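Architecture and fold: a report
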Number of protein chains: 2
Amino acid sequence: MIELGAEIEGLAPAAIRAIQNRRLAAQWEYLWEKSPFYREKLAAAGLGPDSVRRVEDLTRVPFTVKDEIRMSLEANPPLGAHLAADPGDIVQIQASGGTTGRPSYVGLTARDRGMWAEITRRTFWAHGFRPADRVLQALGMSRCWVGGVPVIQGLEALGAACIPAGAEPGTTWLLHTISDLSPNGLVATPNFALYLGNQAKDVLGVDARQLSIERIYVGGEPGGGIPEFRRTAQELWGAKMHEVMGGTDLSPVLWAECEDQSGMHFVSHEFVYWEMIDQAGNPVEITQGATGELVYSHLYREATPVLRFRHSDIVEVLDTECRCGRTSPKIRCFGRTDDMMIIKGVNVFPTALQDIALGFRPATTGSVRIIKHEPEYAWAGPLHVRVERGEGRSADDDHQLRSRMEQAISDMCRVRARVEVVSFGTYPSPGRQKVRIIERVYET
Amino acid sequence: MIELGAEIEGLAPAAIRAIQNRRLAAQWEYLWEKSPFYREKLAAAGLGPDSVRRVEDLTRVPFTVKDEIRMSLEANPPLGAHLAADPGDIVQIQASGGTTGRPSYVGLTARDRGMWAEITRRTFWAHGFRPADRVLQALGMSRCWVGGVPVIQGLEALGAACIPAGAEPGTTWLLHTISDLSPNGLVATPNFALYLGNQAKDVLGVDARQLSIERIYVGGEPGGGIPEFRRTAQELWGAKMHEVMGGTDLSPVLWAECEDQSGMHFVSHEFVYWEMIDQAGNPVEITQGATGELVYSHLYREATPVLRFRHSDIVEVLDTECRCGRTSPKIRCFGRTDDMMIIKGVNVFPTALQDIALGFRPATTGSVRIIKHEPEYAWAGPLHVRVERGEGRSADDDHQLRSRMEQAISDMCRVRARVEVVSFGTYPSPGRQKVRIIERVYET
């Protein structure tokens, strides 16, 4: 059994449930007292201050959806009508992401900030990071992104040595810094981690695996959990890659992989409660192989709490046991409801296409895009896929690549695709921007 | 009397001295025990473990110059031969500046990091920031710069609400964030603060003074202390501008202005000891009107301490008393020895030229450069100065502008100058990069 980051991670599910019930009762009371937003919403659903005592009671509570949060922020800027703390108690403001459009904001009280740091600390611990480690933080540090300063605060809580670089300095600067400072840990988006590793030879004259990195913490975009992607990145760096998952409205991280690398454990038991629902919104029992959308409720959040928040991540429960001693089920995320497409009734997620494209290297670079011609998420097909030709490959081979890849998509995703091959270098190198696999070409 | 950020700031000089003596004795012992670099250097100067007990004894200690630190870093990368802590105790690594060349690094133990945060907290306090404030951090957040994450850690220590944006998102994003979140405080480089304010009308359709900013904390480059610059920036924002000064090898800040805005107080008494020396290296008595170069010694530093470090800042003691209750003398920095030029025996600092150029607005934009044709810092003149023509101004007026400005430089700096007027828009807008007033056009 591996040493846990927090005792609660190894408790029997019933014991965790008891802690969650106590926390939920207090949080529920807090919301009724402090949040006009939830008081109104819950009263409209026929619920009262005594309606929820245990997490099982949450099934009676209406979902909160992203549009409600958006409207709450618009109605009561800057932190939303769902701000439940005194504005004077806010000590940190983070912003939802994105590199386009206006950000939306979340506030943190001192307790909330401590909670985020504690969860992030556990995440690092689960991956195998320890206080003696030296870690280069190469996620975007600016723009109030939760992947930036809050992850630094989590590393602080761990007590490891932090190199607060950000992704902003670019590949050359970061690779030299790795060479200079010999960190054994790296924190980055998965695509940026792969790109950095691929540039090592050009920039430093050595392969990435000759550098000091032993463990890579990836998050912020899908990729780290795609088997072919992970295999490639791990070989490139001679390092283990661990994936995390969280959400701006919730915590920079909520889920983290243990050293077994066999799916993400929930590491936030006493702070957040999670459920799984089907497309109709009905509860899904958490058993091995079950799939569904994640729904989260804060159990211990002062500033901008959410309740039964549909987070749109679609996950599969890989296992309910693990040799690491954590009693949380392990999941992998295979997409978001926002990104899901239904082709002739079959669900398709972009990450599956990415996995396939990576399998065709070096005929492709692994870069792939799904071209959406209509706003609808369901259509009759075929799927329009663009894949980038591998470096030095001839366009004469495109025909063969196209038909092989169309066959693979048919075999693995059970949908018909039309594959288009574009020149090497069509897609920009990953860096500060998240890689968006779906390209929407319709007018909005 | 204004409420102080720390009791020590208001103690009588003799009481501060007693604390410094105790700290120095412990630090001296620590250096002999932990630092082969200083043991060797001090022994070579005929000093022993008992040679220094009080700060007055420091005059017997040889200076440490920047080249020694550079060589120490090269000889023993990454943190230098002067690293005195166990490498396993390093919890944070920051880098010296610059946007060009390779960075040099400084390490911090947990205690060092706490010390930096405490000094930075006092700095904010001195400016008038309080826990109820909401502060946008718009200094460069990435590249391990001491102006980034360490300033966030100081804001955390203050307990004010921090918006960790960085300068990286750019003017439009930052101005929208100010409009969205209504911070009353802004942290930025002086030139970037001015530029942001000037863009408000274009980006938001309102003047900067209609926005929420009440106090601006500036550092990272000269400017905030130049009278004409400060007057302009304060009018633009309808806010008070306070300057800070520190150093990567020492602390993000060491000096901070109180609400009286009449010079910078030393706010780091029990952590760092400062002296003033003349060009020959002899001590300069700290009296009103005295000028000299600053020399610093750490009194409480574990990881990468410095001893009698010539920091190259040239300062003037403005006053030795202040109505704020701080007993530290107040200084202003008018340049660095690195930037000083001697024209026919007269010392000239770039900030003086900047002040003059600003006085000629709107005929100029205020942007000015000194063109150095030779590596020597002393020459017979004239000074070659380029100034940027004001927006919408005609080149027909250049002749008059040139002669008026040459006269002003002669009057104020007592040196002969040749002024060249360049087109509006020649110099890039300030942003993440520091503004470098001296342009070196010789081959190196």
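Residues numbered from 1 in each chain as written. Chains lettered and ligands numbered in written order. Predicted model: local features only at pLDDT ≥ 70, side-chain atom pairs only at ≥ 80, totals over all residues. Heavy atoms only, no water.

Observations regarding the overall build of chain A
In terms of regular secondary structure, chain A is built from 10 helices and 20 strands. Here the C-alpha atoms of chain A give a radius of gyration of 22 Å, agreeing with the 22 Å that 2.2 N^0.38 yields for 444 residues. Overall, the C-alpha framework of chain A stretches about 70 × 55 × 45 Å when taken along its three principal axes. Counting over 444 residues, chain A shows a buried share of 59%. (Helix = DSSP H or I, 4+ residues; strand = E, 2+ residues; numbered from the N terminus. Rg over C-alpha atoms; globule rule 2.2 N^0.38 Å. Buried < 20%, exposed > 50% of the residue type's maximum accessible area, 1.4 Å probe, protein only.)

Notes on the packing of aromatic side chains
All chains considered together, the criterion is met by 18 aromatic pairs over all chains. Seen in terms of ring centroids, Phe271(A) and Tyr300(A) are 5.8 Å apart; in terms of plane orientation they differ by 50°. Their pairing is tilted. Placement of Phe271(A) in the loop between strand S9 (264-266) and strand S10 (272-277) and of Tyr300(A) in the loop between strand S11 (291-298) and strand S12 (309-319) is noted, with a sequence separation of 29 residues between them. Look at Phe271(A) and you get buried, because its relative accessible area is 6%. Where Phe124(B) meets Phe129(B), the ring centres are 5.2 Å apart and the plane angle is 85°; that geometry is what we call edge-to-face. Clustering of aromatic rings is evident, with ring pairs tying together Phe124(A), Phe129(A) and Tyr217(A). Positioned over the ring face of Phe63(B) is Arg310(B), at 5.3 Å from the centre of the ring. (Phe/Tyr/Trp six-rings, centres within 6.5 Å; stacked < 30°, edge-to-face > 60°. Lys NZ or Arg CZ within 6 Å of the ring centre and 35° of its normal.)

Describing the interface of chain B and chain A
Contact residues are listed per partner, giving 36 residues for chain B and 36 residues for chain A. For the chain B and chain A pair, buried surface summed over both sides reaches about 3300 Å², with 58% attributable to carbon and sulfur atoms. Counting across the interface, chain B meets chain A through zero salt bridges. At the surface where chain B touches chain A, the tally comes to 12 residue pairs in polar contact (both at pLDDT 80 or more). (Contact = heavy atoms within 4.5 Å. Buried area = accessible area lost by both parts, 1.4 Å probe. Salt bridge = Lys/Arg side-chain N within 4 Å of Asp/Glu carboxyl O. Polar contact = N/O pair within 3.5 Å; in protein donor to acceptor, adjacent residues only side chain to side chain.)

Let's talk about the sheet that holds strand S14 (residues 341-343) of chain B
Residue and element names in this part refer to chain B. The strand order across the open sheet built from three strands is S15-S14-S17, with neighbouring strands paired in mixed fashion. Where the open sheet ends on each side, the last strands, each with one partner, are strand S15 (346-348) and strand S17 (378-379). As defined by bridge partners, S14 adjoins S17 across two bridges and the pair is classed as parallel. Bridge pairing links Ile 342 to Ala 378 in S17. (Pairing = 2+ DSSP bridges.)

Comments concerning the pairing of strand S13 (residues 330-336) of chain B
Residue and element names in this part refer to chain B. Relative to S13, strand S9 (residues 264-266) is paired through two bridges, and the arrangement is antiparallel. From the neighbouring strand, His 265 faces S13, where its bridge partner is Lys 330. Sheet analysis places strand S12 (residues 309-319) next to S13, joined by six bridges and oriented antiparallel. The partner of Asp 319 across the bridge, within S13, is Lys 330.

Some remarks on the environment of Pro283(A)
Residues and elements named next belong to chain A. Note on placement: Pro 283 falls in the loop between S10 and S11. Once the C-alpha coordinates of Pro 283 and Val 295 are considered, the two residues, 12 residues apart in sequence, prove to be 9.7 Å apart. Sequence-distant contacts of Pro 283, that is, excluding residues within four places in its chain, are made with Thr 59, Met 276 and Ile 277.

Digging into the pattern of salt bridges
All names here are of chain A. Summed over all chains, the structure comprises 52 salt bridges over all chains. A salt bridge links Arg 122 to Glu 270; the nearest nitrogen and oxygen atoms lie 2.7 Å apart. In this pair, Arg 122 sits in helix H4 (residues 110-127) while Glu 270 sits in the loop between S9 and S10, placing the two residues 148 residues apart along the sequence. We note that Arg 122, like Glu 270, is buried.

Some thoughts on the pairing of strand S8 (residues 251-257) of chain B
Residues and elements named next belong to chain B. Summarising burial for S8: seven of the seven residues are buried, a large majority. Where strand S7 (residues 240-247) and S8 come together, three bridges link them in antiparallel fashion. Its bridge partner lying in S8, Val 244 is registered against Ala 256. Hairpin connection, S7 to S8: the antiparallel pair is bridged by three residues. Where S8 and S9 come together, three bridges link them in antiparallel fashion. Looking at S9, one finds that Ala 256 is bridged to His 265.

Considerations on the relation of the copies chain B and chain A
Overlay of chain B on chain A (RMSD 0.0 Å): rotation 180°, translation along the axis 0.0 Å. The superposition of one copy onto the other is thereby described by a two-fold rotation axis. Relative to the rotation axis, the closest C-alpha in chain B is found at Met141(B), a distance of 3.1 Å. Taken as a fraction of all interface residues of chain B, those also at the interface in chain A reach 100%, which identifies the copy contact as same-surface. (Least-squares fit on C-alpha atoms with pLDDT ≥ 70 in both.)

Let's talk about the nonpolar core
Ranked by size, the top nonpolar core spans 126 residues in total, and within it Phe124(A), Trp255(A), Leu294(A), Tyr296(A), Trp255(B), Leu294(B) and Tyr296(B) carry the most contacts. Those residues in contact with Phe124(A), other than ones at most four positions away along the chain, are Phe129(A), Val135(A), Val151(A), Gly154(A), Leu155(A), Leu158(A), Val187(A) and Tyr217(A). Residues Ala138(A), Leu174(A), Ile216(A) and Tyr30(B) belong to the second largest nonpolar core, which totals 42 residues. (Core = buried A, V, L, I, M, F, W, Y, C linked by side-chain atoms within 4.5 Å.)

So, the domain arrangement of chain A
As a measure of interface size, the accessible area lost when the parts come together is often cited. Residues and elements named next belong to chain A. Looking at the assigned domains, one finds that chain A contains domain 1 (1-335) and domain 2 (341-440). The C-alpha-based centres of domain 1 and domain 2 are spaced at 28 Å. Together, the buried faces of domain 1 and domain 2 total about 1800 Å²; carbon and sulfur atoms form 57% of this surface. For the pair domain 1 and domain 2, the interface holds one salt bridge. Its salt-bridge partner being Arg 361, residue Glu 228 comes within 3.5 Å of it at the nearest N-O pair. One can count four residue pairs in polar contact (both at pLDDT 80 or more) joining domain 1 with domain 2. At the level of secondary structure, the elements contributing two or more residues to the side of domain 1 that touches domain 2 comprise helix H7 (190-204), helix H8 (227-237) and strand S13 (330-336). Looking at which element gives the most residues to the side of domain 1 that touches domain 2, the answer is H8, with four residues. (Domains from an automatic or database assignment.)

Re helix H3 (residues 66-75) of chain A
All names here are of chain A. Every buried residue of H3 is accounted for by Glu 68, Ile 69, Ser 72 and Leu 73. Across the axial projection of H3, the buried residues extend over an arc of 135°, all falling on one side. Across H3 from its buried face, at more than 90 degrees, point the exposed residues Glu 74 and Ala 75. (Arc of directions from axis to C-beta.)

A word on the environment of Gly219(B)
Inspection of the secondary structure assignment puts Gly219(B) in the loop between strand S6 (215-218) and helix H8 (227-237). Setting aside its immediate chain neighbours within four residues, Gly219(B) contacts Leu139(B), Ala188(B), Thr189(B), Pro190(B) and Val244(B).

Describing the sheet that holds strand S17 (residues 378-379) of chain A
Residues and elements named next belong to chain A. Strand order in the open sheet made by the three strands is S15-S14-S17, with mixed pairing throughout. The open sheet has two free edges, formed respectively by strand S15 (346-348) and S17, since each of these has just one partner strand. Here three bridges tie strand S14 (residues 341-343) to S15, and the two strands are oriented antiparallel to one another. Opposite Ile 342, over in S15, you have Asn 347 as the bridge partner.

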